[in-house]
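Structural overview
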Amino acid sequence: DKSPFQFTDPERASPSNLTHQVTAHRGETVSGKQPCRLSKVDQKDYRLVRINNGDFDEYITSYARAIRDYRGPVIIRFAHEMNGNWYPWGSTFNTPEEYVAAWRYVHRLFEKEGATNVTWLWSPNEIYQDTRIPYADQILNFYPGDAYVDWIGFSSFNWAGQYKQNRWREPE
């Protein structure tokens, strides 16, 4: 039994007491759903095409029902930083078309299960250029569309010369 996400125990798929406490204090829960197992970057078993083929429908619909039944607001940041090469769903291992199809597929499963309490957060990495990473500077190729995205966020890092020969960047 291979779950497409980091949760493999069905009990962990349900919102916890902490989620209920956050809501009680008028907060919102953010859930980062990572279509992989947390081990290595290149994971052929978790290519986005497998989500698109319905291979993980049982898990995804179970999670959608748990979110629906929770009834509190939940923000889902699905497969973030997709224009990088450090995650299995990134552009080194999947095409932008596969990414968009997977996002829309998961979104439709949530809709089908009545999980209307979800806010969908699309979150690419900042636009950057790296010849080794396809589409690093073409994030709009990964955009699922206004009908599937509620919020947009970005990851951006200032490595200050500590990584990839980056230099300090002043905030713009």
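Structure: above.
Here's a quick rundown of the structure. (Residues numbered from 1 in each chain as written. Predicted model: local features only at pLDDT ≥ 70, side-chain atom pairs only at ≥ 80, totals over all residues. Heavy atoms only, no water.)

**Re the overall build of the protein**
To be explicit about the condition: Helical segments are the DSSP runs of H or I of at least four residues, strand segments are the runs of E of at least two, and each set is numbered from the N terminus. For every residue, the accessible area (1.4 Å probe, protein chains only) is compared with the maximum for its type, and the residue is labelled buried under 20%, exposed over 50%, or partly exposed between those bounds. By the convention used here, residues are in contact when the closest approach between their heavy atoms is within 4.5 Å.
When you go through the protein residue by residue, the secondary structure sums to five helices and four strands. When the 172 residues of the protein are sorted by exposure, 44% land in the buried category. Taking contacts inside the protein between residues at least 6 apart in sequence as the whole, the part at least 24 apart equals 74%.

**Focus: the packing of helix α4 (residues 57-70) against helix α5 (residues 96-112)**
Our working rule: Only C-alpha atoms enter the line fits that serve as axes; for helices the fit covers just the stretch in contact. Angles between N-to-C directions range over 0 to 180 degrees. The scheme is simple: roughly parallel for angles under 35 degrees, roughly antiparallel for over 145, roughly perpendicular for 65 to 115, oblique for anything else. By the definition used in this description, the sense in which the near helix is turned from the far one sets the handedness, with an anticlockwise turn below a right angle giving left-handed and a clockwise turn giving right-handed. All amino acids are sorted into three groups, where Ala, Val, Leu, Ile, Met, Phe, Trp, Tyr, Cys and Pro are nonpolar, Asp, Glu, Lys and Arg are charged, and the leftover types, Gly among them, are polar.
In contact at an axis separation of 9 Å, α4 and α5 are set at 50 degrees when each is read in the N-to-C sense. With respect to α5, the axis of α4 lies oblique. Here α4 and α5 pass one another in a crossing that is right-handed. Along its contact with α4, which presents D57, I60, T61, Y63, A64 and I67, the element α5 presents Y105, V106, L109 and F110. Tallied by class, the residues present in the contact of α4 with α5 amount to eight nonpolar, one polar and one charged.

Shape descriptors only; they carry no functional weight alone.
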